[in-house]
Amino acid sequence: VGTFDRLDLRHDFPGLLDGNGVDWHYLDSAATAQKPQAVIDAIARAYGVDYATVHRGVYERSANMTLAYEAARRTVAHFIGAASDSEIVYVRGATEGINLVAQCWAGEQLKAGDRILLSMLEHHSNIVPWQMVAEKAGAQVDVVPLTADGKIDLDAMAAMITPQHKMVALAHVSNVLGSVLDVRRAADIAHSVGAKILIDGCQAVPRLAVDVQGLDCDFYVFSAHKLYGPTGIGVLWARQELLDAMPPYQGGGSMIDKVTFERTTYAPAPTRFEAGTPHIVGVVGLSAAIDYVQAIGLDAIHAHECALAGKARSALEKLNSVRVFGPEDSAGILSFEVEGVHPHDVGTILDETGVAIRAGHHCAQPLMRHLGVEATARASFGLYSDEGDVDALVKGIERVRKIFG
Ligand code: PMP
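This one's a predicted model, so the numbers in the text were calculated from it and none came from an experiment.

Rules used throughout
Residues numbered from 1 in each chain as written. Predicted model: local features only at pLDDT ≥ 70, side-chain atom pairs only at ≥ 80, totals over all residues. Near = placed C-beta within 6 Å. Nonpolar A, V, L, I, M, F, W, Y, C, P; charged D, E, K, R; others polar. Pairing = 2+ DSSP bridges. Helix = DSSP H or I, 4+ residues; strand = E, 2+ residues; numbered from the N terminus. Axes fitted to C-alpha atoms, helices over the stretch in contact; angles between N-to-C directions. Contact = placed C-beta atoms within 7 Å. Buried ≥ 20, exposed ≤ 12 C-beta atoms within 10 Å, placed from the backbone. Core = buried A, V, L, I, M, F, W, Y, C linked by C-beta atoms within 7 Å. Domains from an automatic or database assignment. UniProt positions renumbered as here; feature names shortened; annotations may be inferred. Right-handed = clockwise from strand over helix to strand, strands pointing away. Arc of directions from axis to C-beta. Parallel < 35°, antiparallel > 145°, perpendicular 65-115°, else oblique. Left-handed = near helix turned anticlockwise from the far one by under 90°.

Quick word on the site of the ligand
Piece 1. The full set close to the ligand counts 13 residues, and Gly93, Thr95, Asn175, Cys202 and Ser223 are the nearest of them.
Piece 2. Looking at the shell around the ligand residue by residue, the class counts come to four nonpolar, eight polar and one charged.

Right, here's the structure in full:
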């Protein structure tokens, strides 16, 4: 797929070899991405010669670690086009980011009779936190339908949104279908009734250039581990005035201004939302991951993964017992079904041929119901994927068809 292949990035990723040093066709990057050596090295240094706590130490090593921790916040802010570092809150991952907004924004704002708007293709982590807070407030959750090719139907959204809708929460890229949302248009629709909009950027941040101000959303979340960084760390971005008005998420060390038994006052955002000793090394690893993808360029990564997904789609569609779900212009994630074969069997047979895919409901049970299936097989690409992976996938599916006659 053009010049990008020739960069030979696979050598940067030790995880792309199997235990015997043999090339492995890893097509599960939407679940979690393999890590480049630069990220692994940054993590090893942070746990090794650089290791110390942040914010409290009076000694030089801790002061340096604090500088690295806060420099990473600036790296993240630049990466997603935030107006300021102080709009970046470190969280455990997208799941925690959404729960934080659900509890600290929606939990404060929602009243009985208010409504929340989600879509049919959301991940459970962008459904359940809203249901929990809606139930408490006596609010209602509504669902935007999908177009025939599996995109969030923004015409339908425009027709169904009301002034009772206070929050809209949508995925930027579907983890099942790869459908890309026109965030700017969705934000305009949400804002037309005065609602806030949260974008689940888990699958978008590793695949597209993201500019939160240009997108005009209010909240944006993502996880580092899908962006070639470590697990256990992620980002919530929110407009400064929204963060400033939100109460703390958890109480504890670091997030305070002054504590007495009579009364505690809180630190300003983002510190107010970061109680306890943070995932220091995770933050260093996230920063290294951002440096890595920026050196390649998100536009190049996007073009590369779209091309691979397009090639895989047309090859799979030629096998006439395979049905591929989702839009033609998937951002590198393909769900499919092999007629008469359970996706788990597809996954197991592919595994025997050195191809790793995911089979299941992908934490999107409402979408499975909408597609009329229990589960799908899903192949998802990363920046290190190549045509050899597509060929191995197609060969593996041919073998599945042979075995199942
Ligand atoms: N949203 C989407 C679209 C996802 O793909 C995922 C991870 N599969 C999540 C949210 C949740 O991310 P995490 O488990 O890292 O918190």
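Regarding the sheet that holds strand E15 (residues 376-380)
Consider a sheet: its strands pair through backbone hydrogen bonds, and that pairing is either parallel or antiparallel.
Piece 1. Spatially, the four strands line up as an open sheet ordered E11-E12-E15-E14, and their pairing is antiparallel. A single partner strand is all that each edge strand has here, and the edge strands are strand E11 (322-325) and strand E14 (358-360). Going from strand to strand, the sheet's axes swing by 30° on average, the running direction of each strand aside.
Piece 2. Strand direction decides the pairing type here: E14 and E15, joined by three bridges, are antiparallel. Bridging across to E15, arginine 358 finds its partner in arginine 378.
Piece 3. On top of the sheet, helix H11 (residues 343-352) reaches strand E12 (333-338), E14 and E15; it is set at about 160° to E14, its chief contact.

Topic: the environment of tyrosine 51
Piece 1. You can see tyrosine 51 is positioned in the loop between helix H1 (37-47) and helix H2 (60-80).
Piece 2. Taking the C-beta count within 10 Å as the criterion, tyrosine 51 has 14 such neighbours and is therefore assigned partly exposed.
Piece 3. Along the backbone, tyrosine 51 and tyrosine 292 are 241 residues apart, and their C-alpha atoms lie at a distance of 22 Å.

Notes on the nonpolar core
Piece 1. With 126 residues, the main nonpolar core has Val101, Ala186, Leu236, Trp237 and Ala289 as its most contacted residues.
Piece 2. When residues in this core are grouped by element, the largest group, 10 residues, is from helix H9 (residues 280-296).
Piece 3. There are two domains that each give this core at least three residues, and those are domain 1 (2-30 + 297-403) and domain 2 (43-295).

A few points about the UniProt feature "domain: Aminotransferase class V" (unreviewed entry) in the chain
Piece 1. According to UniProt, the "domain: Aminotransferase class V" (unreviewed entry) feature falls on residues 25-393.
Piece 2. With 40% helix and 18% strand, residues 25-393 has its two end C-alpha atoms placed 8 Å apart.

A few points about the pairing of strand E5 (residues 165-171)
On a regular strand, one side chain projects to one face of the sheet and the next to the other, so that they alternate.
Piece 1. Burial of E5 is extensive: seven of the seven residues sit out of reach of the surface.
Piece 2. Alignment of E5 against strand E6 (residues 196-200), held across five bridges, turns out to be parallel. Bridging across to E6, methionine 167 finds its partner in lysine 196.
Piece 3. Taken together, E5, helix H6 (residues 183-192) and E6 constitute a β-α-β crossover, and its handedness is right-handed.

Description of H1
Piece 1. Those residues of H1 not exposed but buried are Val39, Ala42 and Ala46. The arc that holds the buried residues of H1, viewed along the axis, is 60°, so those residues lie on one side.
Piece 2. If you follow the buried residues of H1, they end up packed against H9.

Some thoughts on the packing of helix H3 (residues 94-109) against helix H4 (residues 128-137)
Piece 1. Taken N-terminus to C-terminus, the directions of H3 and H4 make an angle of 20°; their axes are 9 Å apart at the nearest point. Between H3 and H4, the angle falls in the class roughly parallel. For the pair H3 and H4, the crossing hand works out as right-handed. Contact residues: Ile98, Asn99, Ala102, Gln103, Ala106 and Gly107 in H3; Pro129, Trp130, Met132, Val133 and Lys136 in H4.
Piece 2. Its residues assigned to classes, the contact of H3 with H4 comprises seven nonpolar, three polar and one charged.

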